[in-house]
Amino acid sequence: MSLPTQNSPETRAPFRADHVGSLLRPPELLRARNDHAEGKIAAAELRAAEDEAIRGVVELQRDVGLRSVTDGEFRRGSWHMDFIYALGGVDQVPGHLTSTFTNPDGTIEFTPPAIRVTRKVTVDETIFGDDFAFTQSVAPDGMTPKLTIPAPSMVHYRSGLSAVADDSVYPDPEEFWTDVAAAYGEQVRRIGAQGCRYLQFDDTSLAYLNDPAQREYIRARGEDADRMHLRYIALTNAAVKNRPDGMTVTTHLCRGNYRSSWVASGGYDYVAEALFSELDVDGFFLEFDDERSGGFEPLRFVPKDKKVVLGLVTTKRPGLESKDDLKRRIDEAARYVGIDQLCLSGQCGFSSTVEGNALTVDDEIAKLRLITETAAEVWG
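A quick note: this is a predicted structure, and the numbers were derived from the prediction, not measured.

K.L.:
Any chance you could explain the environment of Asp172 here in plain terms?
P.N.:
Positionally, Asp172 belongs in the loop between β7 (147–150) and α5 (173–193). Since its relative accessible area comes to 36%, Asp172 is described here as partly exposed. A distance of 3.0 Å separates a polar side-chain atom of Asp172 from the backbone nitrogen of Glu174.

K.L.:
Got a minute to help me understand helix α11 (residues 361–379) in this structure?
P.N.:
Every α-helical turn comprises 3.6 residues, leaving residues that sit three or four positions apart pointing alike. For α11, with 19 residues, the first-to-last C-alpha span of 27 Å sits near the 27 Å given by 1.5 Å per residue. When we look at burial in α11, the residues that qualify are Glu364, Lys367, Leu368, Leu370, Ile371, Thr372, Thr374, Ala375 and Trp379. Once α11 finishes, Gly380 follows within two positions and takes phi at roughly 85°, a positive value.

K.L.:
Sorry, what's going on with unusual backbone geometry here?
P.N.:
Across the chain, the bulk of peptide bonds are trans and the bulk of non-glycine residues have phi less than zero. Cis geometry is found at the peptide bond from Ala13 to Pro14, where omega equals -10°. The backbone of Glu73 sits at a positive phi, close to 60°, despite the residue not being glycine. Examined against the element boundaries, Glu73 turns out to sit in the loop between β1 (68–69) and α3 (81–84). Positive phi, normally seen in glycine, also occurs at Phe128, with a value near 65°. Here Phe128 shows up in the loop between β5 (114–122) and α4 (129–138). We classify Phe128 as buried; its relative accessible area is 12%.

K.L.:
How should the packing of helix α1 (residues 27–37) against helix α2 (residues 43–63) be read in this particular structure?
P.N.:
The description of two packed helices rests on the angle between their axes and on the distance between the axes. Following both chains from N to C, one finds α1 and α2 inclined at 165°, their axes separated by 10 Å at the closest point. What the angle tells us is that α1 and α2 run roughly antiparallel. Relative to α2, α1 is oriented so that their crossing is left-handed. Here α1 contributes Leu29, Ala32, Arg33 and His36 to the contact with α2, which in turn contributes Ala43, Leu46, Ala49, Glu50 and Ala53. Grouping the amino acids of the contact of α1 with α2 by side-chain chemistry returns six nonpolar, one polar and two charged.

K.L.:
Sorry, what's going on with the pattern of salt bridges here?
P.N.:
Opposite charge on two side chains allows them to pair when their charged atoms are near. Counted under the stated rule, the structure contains 25 salt bridges. The residue Arg219 makes a salt bridge to Asp226 at a minimum N-O spacing of 2.8 Å. Classification of Arg219 as partly exposed rests on a relative accessible area of 36%. Here Asp290 makes a salt bridge to Arg292, at a shortest N to O gap of 3.5 Å. Of the two residues, Asp290 and Arg292, neither departs from the other in class, the shared state being buried. It is possible to trace a salt-bridge network through shared partners that takes in Arg47, Glu50, Asp51, Arg75 and Asp131.

K.L.:
Sorry if this is basic, but what is going on with the packing of aromatic side chains here?
P.N.:
The geometry of an aromatic ring pair is captured by the separation of the ring centres together with the interplanar angle, meaning the angle of the planes. Inspection of the entire model under this criterion finds 13 aromatic pairs. With centroids separated by 5.7 Å and ring planes inclined at 65°, the aromatic side chains of Phe83 and Phe128 adopt a geometry described as edge-to-face. On the criterion of sequence distance, the pair formed by Phe83 in helix α3 and Phe128 in the loop between β5 and α4 is long-range, its members being 45 residues apart. These aromatic residues form a ring-pair network of at least three members: Tyr157, Tyr170, Phe176, Trp177, Tyr208, Tyr217 and Tyr232. In this arrangement the basic side chain of Arg75 is found over the ring face of Phe134, its NZ or CZ atom lying 5.2 Å from the centre. Its end group placed over the ring of Tyr268, Arg255 keeps NZ or CZ at 4.3 Å from the ring centre.

K.L.:
Would you explain the nonpolar core in this entry?
P.N.:
A general feature of soluble globular proteins is that nonpolar side chains tend to end up buried together. With 97 residues, the main nonpolar core has Leu87, Phe176, Leu286, Leu299 and Leu310 as its most contacted residues. Ranked by residue count, the leading element in this core is α5, at eight residues. The contacts of Leu299, once residues within four sequence positions are left out, are Phe276, Leu286, Phe288, Val308, Leu310, Ala333, Tyr336 and Val337. Among the nonpolar cores identified, the runner-up in size contains seven residues, and Ala13, Tyr198, Phe285 and Cys343 belong to it.

Rules used throughout
- Residues numbered from 1 in each chain as written.
- Predicted model: local features only at pLDDT ≥ 70, side-chain atom pairs only at ≥ 80, totals over all residues.
- Heavy atoms only, no water.
- Helix = DSSP H or I, 4+ residues; strand = E, 2+ residues; numbered from the N terminus.
- Buried < 20%, exposed > 50% of the residue type's maximum accessible area, 1.4 Å probe, protein only.
- Polar contact = N/O pair within 3.5 Å; in protein donor to acceptor, adjacent residues only side chain to side chain.
- Expected span 1.5 Å × (residues − 1).
- Axes fitted to C-alpha atoms, helices over the stretch in contact; angles between N-to-C directions.
- Parallel < 35°, antiparallel > 145°, perpendicular 65-115°, else oblique.
- Left-handed = near helix turned anticlockwise from the far one by under 90°.
- Contact = heavy atoms within 4.5 Å.
- Nonpolar A, V, L, I, M, F, W, Y, C, P; charged D, E, K, R; others polar.
- Salt bridge = Lys/Arg side-chain N within 4 Å of Asp/Glu carboxyl O.
- Phe/Tyr/Trp six-rings, centres within 6.5 Å; stacked < 30°, edge-to-face > 60°.
- Lys NZ or Arg CZ within 6 Å of the ring centre and 35° of its normal.
- Core = buried A, V, L, I, M, F, W, Y, C linked by side-chain atoms within 4.5 Å.

Written out as structure tokens, the structure is:
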């Protein structure tokens, strides 16, 4: 598949055929991670194994015809916590909240580590700066390196303000929100200065809040569940308000993606009007791979200058969707938002955590090829 020329409208992200970012880790990388955790190899040896695996997955993305390229999140254990623990003032502590993920065969429960905010939240060095520099160095000509990071709401959503160690850290809770926005703003500035032109905020909070059970979870801990999505939208807007010229910022909304399982259900209806009309991003990666995602009607609120990347291809199951079905669903979405504003991707990453979803690399490649081939047939 030929890549667009520099004069093509396809040189601006998000692209007609795109992907969320995380990819299945190869067995040799998983072995290296385990060996490092057990003290069998040094950090430098793990880094070398990561470098080699990333070179391979960059080739994979090029070969299937993608225009954006990530490192597959190969250096992370999870899509969000590696970043959050790198924020100044945020410490990792033992968790006490159990997460329940659902799949067709039942549920998976686990209690991940938690966070503790022990001082003012800051960015002391560019988070993932060295990682992204390596991606930039191996990205083929004509491909745009993308960095994925968790949305700032993810610092708050799971534990709320109870994560703050004591009142002496943030006697005024509003200062917490201000500092998180400022820290993210500094991260955006730093990574922009490094040459990043495609930045994605991954966000479960704004998808979860469509689920009444999740709003009840927020309400039960004493917070304003009915307006929390507005707080999160304002937080992200403050974080990106000074982004460099030429940087595309997108957000990916996810209802949970762990070992082919999920947490929340529900369409985008509850947050749609504020989300699409007020969130200051250039594009939205949205899950639409099954009935849990609801219909396309909320897309009527999307402004004409923003793109919607339809996550129609599931990354949770190996079965391959048909092109005809994908084209039919793209046509359905185009009833509510212009066809020229639409793009196509997987519903989520293939490996939001190091464990990955229940697919093979061959399944992953087949789905990515399906995305690029379908997009080429729909948009040319």
